[in-house]
Amino acid sequence: MKGHLYKFTIEHLEDPKGNAVEASPLEFETRNHDDIFKIVETMKGKIDLDESDARELALGIKLFGEVMLRNSKYELFQEFRPHFSDFMKSLKKS
């Protein structure tokens with residue numbers, strides 16, 4: 001499969017009360033047609049979000065968008081795709 005290969009590791013550090021959580025990290029590898037690091041860097045000044053929120057938004061969009069593209073045959077994604085496309089166009093204009 002073509003594209004950039006990424007490895008994600010997510011660690012659960014605290015529960016909602018601030019207590020430490022001991023859990024195994026969630027790790028997975030995925031491919032994406034875009035350079036996610038470049039997208040995150042570009043997103044920083046794109047809209048009025050702090051750096052952390054911009055990073056989260058960029059990662060969320062790229063992960064979701066790639067899953068949607070790979071699974072476009074599913075009705076749920078077919079229904080949502082025009083809205084996602086409109087959102088992406090607006091984001092790129094900002």
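Here, every reference points to the structure presented above.
Just so it is clear, the model here is predicted, and its values are computed rather than measured.

**Structural notes on the packing of aromatic side chains**
Logical step 1: Tallied over the entire structure, the rule returns 7 aromatic pairs.
Logical step 2: Taken together, a centroid distance of 5.3 Å and an interplanar angle of 15 degrees make the contact between F8 and F28 stacked. With F8 in strand β1 (residues 4–10) and F28 in strand β2 (residues 26–32), this pair connects stretches of sequence that are 20 residues apart.
Logical step 3: Of the residues examined, F28 reaches a relative accessible area of 31% and is grouped as partly exposed.
Logical step 4: Put simply, the rings of Y6, F8, F28 and F37 pair up and form one aromatic cluster.

**Some words on the packing of helix α1 (residues 36–43) against helix α2 (residues 51–70)**
Logical step 1: It is at 9 Å that the axes of α1 and α2 come closest, and there the two elements cross at 140 degrees. Relative to α2, α1 is oriented oblique. Of the two elements, α1 crosses α2, and the hand of that crossing is right-handed. Here I36, I39, V40 and M43 of α1 lie close against α2, whose contacting residues are A54, R55, L57, A58, L59, I61 and K62.

**Regarding the packing of α2 against helix α3 (residues 75–93)**
Logical step 1: It is at 11 Å that the axes of α2 and α3 come closest, and there the two elements cross at 140 degrees. It follows from the interaxial angle that α2 and α3 lie oblique. At the point where α2 passes α3, the crossing takes the left-handed sense. Contacts from I61, F64, G65, V67, M68 and L69 in α2 reach F77, F80, R81, F84, F87, M88 and L91 in α3.
Logical step 2: Counted by class, the contact of α2 with α3 contains 11 nonpolar, 1 polar and 1 charged residues.

**Quick notes on the pattern of salt bridges**
Logical step 1: Here the structure, examined in full by the defined rule, presents 5 salt bridges.
Logical step 2: Here K44 makes a salt bridge to E41, at a shortest N to O gap of 3.1 Å.
Logical step 3: Overall, the relative accessible area of 30% leaves K44 in the partly exposed class.
Logical step 4: Between E51 and R55 there is a salt bridge; the shortest N-O distance is 2.8 Å. Within this pair, E51 and its partner R55 are both found in helix α2, separated by 4 residues, close to a single helical turn.
Logical step 5: When salt bridges with common partners are traced through the structure, they connect E41, K44, E51 and R55 into a single cluster.

What counts, and where the lines are drawn
- Residues numbered from 1 in each chain as written.
- Predicted model: local features only at pLDDT ≥ 70, side-chain atom pairs only at ≥ 80, totals over all residues.
- Heavy atoms only, no water.
- Phe/Tyr/Trp six-rings, centres within 6.5 Å; stacked < 30°, edge-to-face > 60°.
- Helix = DSSP H or I, 4+ residues; strand = E, 2+ residues; numbered from the N terminus.
- Buried < 20%, exposed > 50% of the residue type's maximum accessible area, 1.4 Å probe, protein only.
- Axes fitted to C-alpha atoms, helices over the stretch in contact; angles between N-to-C directions.
- Parallel < 35°, antiparallel > 145°, perpendicular 65-115°, else oblique.
- Left-handed = near helix turned anticlockwise from the far one by under 90°.
- Contact = heavy atoms within 4.5 Å.
- Nonpolar A, V, L, I, M, F, W, Y, C, P; charged D, E, K, R; others polar.
- Salt bridge = Lys/Arg side-chain N within 4 Å of Asp/Glu carboxyl O.

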